[in-house]
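Examining the three-dimensional arrangement
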Amino acid sequence: MNDEVVSYEIRERVGIITLRNPPVNALAPGMREGIIDLVKAANENPAVDAIVLTGAGRNFIAGADIRQFGKTRAVTSRTSAAAIEASEKPVVAAMDGYCLGGGLEHALACHHRIATPAARLGLPEIKLGIIPAGGGTQRLPRLIGAAAALDMILSGRQAGADEALALGLIDEIATGDLVAFAAGVARRIALERPLRKTSALTAWRTADREKPEIIEMARQAAARKKSPLKAPGYAIELVAASLSVDVDAGIALEHDRFSELEDSDEAKALRYAFFAEKTAGKIPGIAKPPAGDGVRSAAVVGGGTMGSGIAIAFADAGIPVKMLEATPEALKRGMERIRSTYDARIRRKRLTPAQMQERLARIEPASRYESIGDCDAVIEAVFERVDLKMDIFGKLDVVMKPGALLLTNSSAIDINVMARATKRPGSVAGAHFFAPANVMKLCEIVAGDATTIDTLGRAAAMGRALGKISVVAGSCDGFAANRSRAPLVTEMMLLLEEGALPWQIDKVMMDFGYPMGPFAVSDLSGLDVSYDTRKRRAAADPDYRKLHVPDRLVEMGRHGQKNGAGWYRYENNDRTPRPDAVVNQVIADIAREFGIPQREFTDEEILHRLLFASVNEACKIVDEGKSFRASDIDAMWLNGFGFPRHRGGLMYWADGIGAPAILYQVQAWHERYGKRWKPSPLLARVAGENGRLREAVAPETAFLPSLVPQPSTHSTK
Ligand code: 3HC
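Residues numbered from 1 in each chain as written. Predicted model: local features only at pLDDT ≥ 70, side-chain atom pairs only at ≥ 80, totals over all residues. Heavy atoms only, no water.

As for the side chain of Asp634
Its place among the elements puts Asp634 in helix H26 (residues 630–640). One buried charged residue, Asp634, remains without a salt bridge, the closest side chain of opposite sign being Arg694 at 7.0 Å. A polar contact of 2.7 Å, which involves the side chain of Asp634, links it to the backbone nitrogen of Leu650. For Asp634, the residues in contact, after removing those within four places along its chain, are Tyr272, Gly648, Gly649, Leu650, Met651, Tyr652 and Arg694. (Helix = DSSP H or I, 4+ residues; strand = E, 2+ residues; numbered from the N terminus. Buried < 20%, exposed > 50% of the residue type's maximum accessible area, 1.4 Å probe, protein only. Lys, Arg positive; Asp, Glu negative; His and termini not counted. Salt bridge = Lys/Arg side-chain N within 4 Å of Asp/Glu carboxyl O. Polar contact = N/O pair within 3.5 Å; in protein donor to acceptor, adjacent residues only side chain to side chain. Contact = heavy atoms within 4.5 Å.)

Structure follows, in structure tokens:
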């Protein structure tokens, strides 16, 4: 037994098994063995009447250790859970904090379950492309019914203690000290027999057998979602099996299905995505900022689409926010925008009117700069106009308290320009949200040349507090996220000139796994949005390759969904994109005008042309130190651009093809199309070593030379 991860003590005839693997008590090697040994020891000890299973610190068990998947395990959760259930003395689960995956499955095998009000219970395996493998698919339906079990297993969501109690997932909510409470209960039930074994429960099983529609509805809902993953189908099959076969047969089937999924491509990609996101917000050289440094109040300058979305993100996260606008009319429009977003959520039953009032109460309209000065952070979210932004940062410099974060939501303007408008450039950074800001999970934290590590760390923590994935980038044209996607956009436009059609390209990308094709997305955000930027770039750069097709469509007044025509046409307020012969004609005209030869494209060529362009750019971004690591680009694509999660991310996907093959193709396109395909030195290096692109990191000398640790200047008021 491993003493470090499992400990045992006897308190007044109750054996207390404590699992310890900070920070979240993931099931480390040795824990399952420890549980088996200690349950046996407690059963053999006449001085022990009952057992409590608990976790050290503030969590029960957050599930299997994800790093151990794919490795051989001496003992599996199904075996240790079975040992708990088979115990002749009652085992009581005492749960605080996270009680997830294999953790909840061990609790399900206990004879009694107690949780603190702070407990969070769930089976998140589906998010990792797998299914519960510690008997969860068989015990959960027997305990809470097939419908509730399917909901929890298929969504992977967490239930709080109150909900868990209502579902019958736990037996009671602890008051006072958890372990003392659980030991008291254990003593109370010590002599009660027979023990309540979850596997032997029949009430729900009998009731559910009469309702085959529960399984059928789950199957239909899964079919509608068109998930590329196998796990949801298997989970439904296993819950169905829990109603018809005995528990041993069910658990054997669960084991078979899990073994098949554990090392599947999709599960590997989803595990990679989990860790890419966890790593993304980390800044080399600094630990997470201490809890006291969090942003507890914020202000947003600008109440437009982005500003109001950001204000909602704060209000949703429980952080009070002030919204500053220049005129009472603009402020009123901003507040109306917020209200209508909440109204829509109420209509979709995602929010109650009472919750809406609570959140609205956190958003305070403001009309004077002085009134936002006491906030911990301010985010400027006005139009992309340099003079306007410089003026705002000058004003913020005057009013904001020392140590406040001065952030800009700009997606295009150099952070250093805003920083120079203040006397505290170290406190200035980008906090680039993606539209709609209250929905999209990416928050790109952008460092200017003078931004301190302290500012970056606190801004990244702020993003996390908003429920976002914070990823740090350096300041350059488009920063890391948009800059890495820009070549994809260029190629999709140029493919049109060569003979591909928008709907063909969209289909290729949707078949790949995107929820929408890139042209349909462009119709949603509006073709006009990037028109001015393109004109500016064309004026500034003599080598700029003009994108004739979108320019022409904008000049024809086709701005996208908002006016019923863009890449597609839209009818009668319907959002369904319909191919439009006018677009075919525009493309054909342009090809003729510029004498561009036409040809047919295979799906693979389209996919590679779009994504290799971005892989090459992402390599340049990492090499230049504008991203700390290639996996940060993956976290950005997954959370900002809808990249299919089961493919891991852009760079992870690229590794599936291999750097040498990508380099070969990039070189060929470089010869054919010229400068824009110049291979990145990093791509060439990784290809030469036959290495992994996803493991590439920025050279230490390249990233943000100004990021030397500096004394913290922020107030802790
Ligand atoms: N395995 C390995 N490491 C884990 C882990 C796990 N299951 N859960 C969390 N960690 C690590 C994180 O990577 C992070 O490490 P770091 O500090 O080095 O970056 C650290 O623990 C803290 O995690 P977070 O920063 O994510 O802390 P939060 O408080 O924000 O979130 C959490 C905690 C909700 C537990 C979140 O980490 C999470 O969702 N973890 C995954 C839980 C999960 O999927 N469990 C099921 C595993 S599958 C299973 O159990 C199979 C079974 O059926 C046999």
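Past the structure itself, the notes keep going.
Describing the sheet that holds strand E2 (residues 14–19)
Spatially, E1-E2-E3-E4-E6-E9 is the arrangement adopted by the 6 strands of the open sheet, whose pairing is mixed. Edge strands, defined here as strands with exactly one partner in the open sheet, are strand E1 (6–11) and strand E9 (172–173). Pairing of E2 with strand E3 (residues 50–55) involves 6 bridges; the strand directions are parallel. By the bridge assignment, Gly15 is partnered in E3 with Ile51. Taken strand by strand, helix H7 (residues 178–189) contacts E1, E2, E3, strand E4 (91–95), strand E6 (112–115) and E9, and its axis lies near 155 degrees from that of E6. (Pairing = 2+ DSSP bridges. Axes fitted to C-alpha atoms, helices over the stretch in contact; angles between N-to-C directions.)

Some thoughts on the site of the ligand
Taken together, 25 residues surround the ligand, and among them Ala64, Glu105, Glu125, Lys278 and Lys282 come closest. One nitrogen or oxygen atom from the main chain of Ala64 is found 2.7 Å from an oxygen atom belonging to the ligand. Between an oxygen atom of the ligand and a main-chain N or O atom of Gly102, the distance comes to 2.8 Å. The fraction of the free accessible surface of the ligand (980 Å²) that becomes covered by protein chains is 78%. Of all the secondary-structure elements, those providing two or more residues to the shell around the ligand are strand E5 (98–100), helix H3 (102–109) and helix H12 (265–280). Of the residues forming the shell around the ligand, the biggest block, 3 residues, is contributed by H12. For the shell around the ligand, the class distribution of residues is 15 nonpolar, 4 polar and 6 charged. (Near = heavy atom within 4 Å. Areas by Shrake-Rupley, 256 points an atom, 1.4 Å probe, with all protein chains shown as cover. Nonpolar A, V, L, I, M, F, W, Y, C, P; charged D, E, K, R; others polar.)

Brief notes about the packing of helix H20 (residues 502–512) against helix H21 (residues 518–525)
Between H20 and H21, the shortest axis-to-axis distance is 7 Å and the interhelical angle comes to 110 degrees. Of the possible angle classes, the one that applies to H20 and H21 is roughly perpendicular. The segment H20 lies against H21, with Pro502, Ile505, Asp506 and Met509 engaging Pro518, Phe519 and Ala520. The class makeup of the residues in the contact of H20 with H21 is 6 nonpolar, no polar and 1 charged. (Parallel < 35°, antiparallel > 145°, perpendicular 65-115°, else oblique.)

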